[in-house]
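Here is how the chains run, residue by residue.
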Amino acid sequence: MSYQWLEWAKKIQALSQAGLTFSKDMYDIERYEELRNISAEIMSLHTELEMTKIKDLFTNETGYQTPKVDVRGVVFKNNQILMVKENIDNKWALPGGFCDIGLSPSENVVKEIKEESGYDVMPVRLLALLDKNKHQHPPEPYHYYKIFILCEIIGGEATIGIETNNVHFFSQHNLPPLSTNRNTMAQIDILFEFLRTPEKKTLFD
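Below you will find a few notes about this structure. None of these values were measured; they are calculated from a predicted model.

1. Here we look at helix 4 (residues 105–117)
For helix 4, built from 13 residues, the straight-helix expectation of 18 Å at 1.5 Å per residue is met to within 8% by its first-to-last C-alpha distance of 18 Å. Within helix 4 the residues assigned to the buried category are Asn-108, Val-109, Glu-112, Ile-113, Glu-116 and Ser-117. The buried residues of helix 4 occupy one face: seen down the axis, they fall within an arc of 125 degrees. Residues of helix 4 that are buried make contact with strand 1 (68–77), strand 2 (80–86), strand 4 (96–98), strand 5 (119–131), strand 6 (144–156) and strand 7 (164–170). Just past helix 4, the residue Gly-118 takes up positive phi, approximately 90 degrees.

Written out as structure tokens, the structure reads:
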């Protein structure tokens, strides 16, 4: 399925935000605000999000727009992968989320795994840095990079968090319904390749 409309809308939003950040001319500011409104109208027309919700998302963004960063913890045990069931859609994902300011990627993944699954982990290796636009995720208003970090369990026990309602390990061929905004079947298959072939090179894009 083509989401060219989404790419156009995101580019218009990014240009308008940059213009609102750097422009000093009141007439140019009005034009950039109009561009932002056009972008929001496009997204509202093609998605289930309300216009006011999209505008709220956009107006909360300031400064030059760059991709957001999402980190996911990859934890294997007995040839199975750790997943958590998300409250937001009642589907399964690798533990993780947006990177918090002030924490490194590895610090973020340790925090997210603990909060969502109850396990204490030690980051071991960067497996992949992927551009969400290049993978089969549902369309979203923002551009994301996804960081997948291999971790080893060093303590803790399975415990649900504020955003999760179940914690479980799954084999590659017995996966539950996936939260595809967060991870796709193809990405999980790639991660199992690292389990079988530890010397596999880090992936990017």
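Having put the structure on the table, let's press on.
2. So, unusual backbone geometry
Trans peptide bonds make up the majority, and among non-glycine residues the majority have a negative phi. A positive phi angle, close to 60 degrees, is found at Asn-90, a residue other than glycine. Note on Asn-90: relative accessible area 44%, which makes it partly exposed. For Asp-205, which is not a glycine, the phi torsion comes out positive at approximately 70 degrees. Position of Asp-205 among the secondary structure elements: in the segment after strand 8 (203–204).

The rules we used
- Residues numbered from 1 in each chain as written.
- Predicted model: local features only at pLDDT ≥ 70, side-chain atom pairs only at ≥ 80, totals over all residues.
- Heavy atoms only, no water.
- Helix = DSSP H or I, 4+ residues; strand = E, 2+ residues; numbered from the N terminus.
- Expected span 1.5 Å × (residues − 1).
- Buried < 20%, exposed > 50% of the residue type's maximum accessible area, 1.4 Å probe, protein only.
- Arc of directions from axis to C-beta.
- Contact = heavy atoms within 4.5 Å.

Any link to function would need more than the numbers given here.
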